[in-house]
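Inside the fold
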Amino acid sequence: MKLNHFLENQECAGRRFTAWLHWMEGRDTPDEDINGVYGSNGRILYMPGESVLVTRIDEQNSLVAMSNEQNTEGYEDFVIPFAQFQRDFGMWPPQLEL
């Protein structure tokens, strides 16, 4: 599975991507998806428009390690499956480092 339409999977590591959350069919209300993505501890991982750094790609287990430095609840490091990355970050080109 290709993570991003603009890069090969391993090229995503070390780059920032902007979260694009949208309503998914089958949900009771759009708010379940567009307000943010929460981790198992109930802390928010990322919200729409946040730039998140990809720190590692695990092709064998189809996982993406990420770090959110903008999180209002403090630094948040987390891992998501390829399908979630593709859904929330894969549609847009990566942000250029300035």
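Here, the structure is the one placed above.
The model shown is predicted, which means the values in this text are computed figures rather than measured ones.

The rules behind each value
- Residues numbered from 1 in each chain as written.
- Predicted model: local features only at pLDDT ≥ 70, side-chain atom pairs only at ≥ 80, totals over all residues.
- Heavy atoms only, no water.
- Salt bridge = Lys/Arg side-chain N within 4 Å of Asp/Glu carboxyl O.
- Helix = DSSP H or I, 4+ residues; strand = E, 2+ residues; numbered from the N terminus.
- Buried < 20%, exposed > 50% of the residue type's maximum accessible area, 1.4 Å probe, protein only.
- Arc of directions from axis to C-beta.
- Contact = heavy atoms within 4.5 Å.
- Core = buried A, V, L, I, M, F, W, Y, C linked by side-chain atoms within 4.5 Å.
- Polar contact = N/O pair within 3.5 Å; in protein donor to acceptor, adjacent residues only side chain to side chain.
- Phe/Tyr/Trp six-rings, centres within 6.5 Å; stacked < 30°, edge-to-face > 60°.
- Pairing = 2+ DSSP bridges.

**Quick notes on the pattern of salt bridges**
In this structure the tally under the stated criterion is four salt bridges. With a shortest N-O distance of 3.7 Å, K2 and E8 are connected by a salt bridge. In this structure, the salt-bridge partner of E69 is R16, at a minimum N-O distance of 2.8 Å. Linking E69 in the loop between β5 (63-68) and β6 (76-81) with R16 in strand β1 (residues 16-18), this pair joins segments that are 53 residues apart in sequence.

**Side note on unusual backbone geometry**
We note that S62 has phi near 55°; this positive angle belongs to a residue other than glycine. Within the element layout of this structure, S62 appears in the loop between β4 (51-58) and β5. Classification of S62 by relative accessible area gives partly exposed; the value is 32%.

**Quick look at helix α2 (residues 82-89)**
When we look at burial in α2, the residues that qualify are F82, Q84, F85, D88 and F89. Each buried residue of α2 lies within a common arc of 160° when the element is viewed along its axis, so the set occupies one face. Structurally, α2 contributes buried residues whose contacts are with β1, β2 (37-38), β3 (44-46), β4, β5 and β6.

**Digging into the nonpolar core**
Residues Y46, V64, M66, I80, F85 and F89 are the most contacted members of the largest nonpolar core, which totals 19 residues. Put simply, the parts of the chain that give this core at least two residues each are β3, β4, β5, β6 and α2. In this structure, I80 is in contact with Y46, S62, L63, V64, M66, F85 and F89, ignoring residues within four places of it in sequence.

**Concerning the environment of S67**
For S67, the location among the structural elements is in strand β5. Accessibility expressed as a relative area gives 4% for S67, which makes it buried. Each C-alpha atom of the pair S67 and D77 lies 4.4 Å from the other, and the pair is ten residues apart in sequence. For S67, the contacting residues outside a window of four places in its chain are V52, L53, T55, Y75, E76 and D77. Side-chain polar atoms of S67 contact the side chain of D77, separated by 2.7 Å.

**Topic: the packing of aromatic side chains**
Per the counting criterion, the structure on display carries four aromatic pairs. Pairwise contacts between aromatic rings join F17, Y46, F78, F85 and F89 into one cluster.

**So, the pairing of β4**
With six of eight residues buried, β4 is to be regarded as a mostly interior element. Pairing between β1 and β4: three bridges, direction antiparallel. Opposite T18, over in β4, you have S51 as the bridge partner. Bridge analysis of β4 against β5 gives five bridges, and the strand direction is antiparallel. Residue pairing in the sheet places D58 in a bridge with L63 of β5. Counting the residues in the hairpin turn of β4 and β5 gives four residues, including S62, whose phi is positive at 55°.

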